[in-house]
Amino acid sequence: MRISIIGTGYVGLVTGACLAQVGNQVLCLDTDAAKIDILNKGGIPIHEPGLEDLVVANRKSGRLTFTTDPEEASRHGQVQFIAVGTPPGEDGSADLSYAIAAARNIGRYMDDYKVIVDKSTVPVGTADQVRDAVAEELAQRELDLPFAVVSNPEFLKEGAAVSDFQKPDRIIVGGDDERALEIMRRIYAPFNRNHDRLITMDARSAELTKYAANAMLATRISFMNELANLAEHLGADIEQVRQGIGSDPRIGFHFLYPGCGYGGSCFPKDVKALIRTARQTPEGGLSILEAVEAVNEKQKSRLAAKIRARLGADLSGRHFAIWGLAFKPRTDDMREASSLVLIRELLSAGATLTAFDPAALDTAQAELAGTEGIRFVDSADDALADADALVIVTEWNEFRSPDFELIRSSLKQPLIFDGRNLFEPEDMQAMGFEYHPFGRNPSLLA
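As a starting point, this report considers the structure included with it. (Residues numbered from 1 in each chain as written. Predicted model: local features only at pLDDT ≥ 70, side-chain atom pairs only at ≥ 80, totals over all residues. Heavy atoms only, no water.)

## Quick notes on the overall build of the protein chain
Applied cut-off: Think of it this way: any DSSP run of H or I at least four residues long counts as a helix, any run of E at least two long counts as a strand, and we number them from the N terminus. With the radius of gyration taken over C-alpha atoms, the globule rule is written as 2.2 Å times the number of residues to the power 0.38. Each residue is assigned to one of three classes by its accessible area relative to the maximum for its type, calculated with a 1.4 Å probe on protein chains only: buried under 20%, partly exposed between the two thresholds, exposed over 50%. Contacts are assigned to residue pairs that have any heavy atoms within 4.5 Å of one another. Only the protein chains shown count as cover for residues, with accessible areas throughout obtained via the Shrake-Rupley method and a probe of 1.4 Å. Charged-residue counts in this description rest on Lys and Arg as positive and Asp and Glu as negative, His and the chain ends being excluded. Lysine's charge is taken at NZ, arginine's at CZ, aspartate's at CG and glutamate's at CD.
What the protein chain contains, in helices and strands, is 17 helices and 14 strands. The C-alpha atoms of the protein chain give a radius of gyration of 24 Å, which matches the 22 Å a tight globule of 446 residues would have. In terms of principal-axis extent, the alpha carbons of the protein chain reach across some 75 × 50 × 45 Å. Expressed as a percentage of the 446 residues in the protein chain, the buried residues total 54%. Long-range contacts, defined here as pairs at least 24 residues apart, represent 72% of the contacts in the protein chain between residues at least 6 apart. Split by element, the accessible area of the protein chain, about 19,300 Å² in all, is 49% carbon and sulfur. If you average the places of the 47 positive and of the 65 negative side-chain charges in the protein chain, the two averages end up 3 Å apart.

## Quick look at the nonpolar core
The cut-off we apply is this: For the purposes of this section, nonpolar cores are sets of buried Ala, Val, Leu, Ile, Met, Phe, Trp, Tyr and Cys residues that join through side-chain atoms within 4.5 Å.
One finds F320, I322, L325 and L346 to be the most contacted residues of the largest nonpolar core, which totals 55 residues. With near-sequence residues (within four places) excluded, L346 lies in contact with A304, I307, L315, F320, I322, A351 and L353. Core analysis: the second largest hydrophobic core is formed by 41 residues, I44, I46, F81 and A180 among them.

## Here we look at the side chain of N24
The test is simple: What qualifies as a polar contact is a pair of N or O atoms within 3.5 Å, subject to a donor-acceptor requirement within protein and to the restriction that residues adjacent in sequence count only when both atoms come from side chains.
Relative to the elements of secondary structure, N24 occurs in the loop between helix 1 (10-21) and strand 2 (25-29). A residue is classified by how much of its surface remains accessible, and N24, at 9% relative accessible area, is buried. Reaching out from N24, the side chain makes a polar contact with the backbone nitrogen of M1 at a distance of 3.3 Å. There is a polar contact of 2.9 Å between the side chain of N24 and the backbone oxygen of L19. Excluding its chain neighbours within four sequence positions, the residues that come into contact with N24 are M1, I3, L19 and R63.

## With respect to the sheet that holds strand 10 (residues 352-356)
Applied cut-off: By definition, two strands form a pair when at least two bridges between them are found by DSSP. Here an axis means a line fitted to C-alpha atoms, over the contact stretch when the element is a helix, while the angle between two N-to-C directions is reported on a 0 to 180 degree scale.
If you walk across this open sheet you meet the six strands as 11-10-9-12-13-14, and the pairing is parallel. Either end of the sheet is taken by a strand with one partner, and the two such strands are strand 11 (374-376) and strand 14 (434-436). For this sheet, the mean angle separating the axes of adjacent strands, direction not counted, is 20 degrees. Two strands pair when backbone bridges link them, and strand 9 (residues 319-323) and strand 12 (residues 389-392) are joined in this way by four bridges, in the parallel orientation. Bridging across to strand 12, A321 finds its partner in L390. This element, helix 13 (residues 302-311), spans strand 9, strand 12, strand 13 (415-418) and strand 14 of the sheet and lies at about 155 degrees to strand 13.

## A word on the pattern of salt bridges
Two side chains bearing opposite charge may form a pair once their charged atoms approach each other closely. Applied cut-off: Here, a salt bridge means any Lys or Arg side-chain nitrogen found within 4 Å of an Asp or Glu carboxyl oxygen.
This structure, assessed with the given rule, holds 32 salt bridges. Salt-bridge contacts for R310 lead to E434; the nearest nitrogen and oxygen are separated by 2.5 Å. With R310 in helix 13 and E434 in strand 14, the pair connects residues that are 124 residues apart, well separated along the chain. For R310, a relative accessible area of 32% gives the class partly exposed. Where R408 meets E405, a salt bridge forms, and the shortest distance between an N and an O atom there is 2.4 Å. Taken as a pair, R408 and E405 lie in helix 16 (residues 404-410) at a separation of three residues, close to a single helical turn. Under the relative-accessibility criterion, R408 is labelled partly exposed at 26%. Salt bridges here are not isolated pairs; linked through shared partners, they connect R104, R108, E136 and E137.

Okay, structure coming up:
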């Protein structure tokens, strides 16, 4: 099948590469000429495990091509996936300008039946706006061409996006055009062989399903963070609590890990957008999600607060090693990352920093360009030299079993602040470390 993908970010590029891998002829469009140039030269502009190999192989086969020409993309694919960014506005609402512009380009250049697929995370009602935009462009051309708009939200985790696409938990397709729904079934058939994972519904329900899923996961994280903070005051161990409640099959263990807050391109943006949507209805808002967002913003500052509580509010002359900059492992994405809050708070208190991340160094250097007091190094060990303490922000696997003797000998004192609870307090105490995680039993921390 001939498919066009509009947007070559995480969602668009993964979608295009995976659909090309199963035999489709895929053309990816992006208005960023520099990004398309990278792709046409065999590189990829993002860090995502397994993606580069897919892109290179399918580009070589001729099944995956790239363009900056909207007309070429609109005429190429019977199916047009819109996978552009929907960044939050100042009021938290999703900015649909890129999605609507993509829809208008399709209407401006299409010459036969099209299935237009909203793959981006968009507010409820966006399918209607996309339909109207395409219809307006066709009316200006005085054409009456058939088309359908469906919602097909993505459920891809950064760091595991290729696997998530190829082995989906569920495939949500929202729409009421039977021809379009049948085409979508054909597209996803190669990923839907073991048992039927494709769920059809109306477009508005599909749009809300995506927001509801991310909001639920964000809620679990903020709930566990609040419990971890409470456990510190009550002398309880949040890890034992996690195991106790996670063993209940009604709850499960996923997204029950406390720490220094969630970030990334999805949870913060989607929670804000859903809150904004609810405020525009007679319901007036979503009290639970407003609390989830408030807890997360506060949680991002707790790591710096722990450091100040131990070493004083004035950190002038103090130097810290930072392990982890990306908002999560297996990605270079630093959007809304807890590390940014920590770095700015420590620097504002007078400290200096040396930071390492296995994937996000280039992103960090761009994000923090011109920031004084921080330097970046190429290994976790190099970050340790002469630091007053080690601060762990991202739970990369290579941080889980480090050389503790090297850490102790490199630091000025054996002091670790752990924003992701990577180690057992008893083990750290036995090795002579002063260890400050989140929500672990205070009697074991010093």
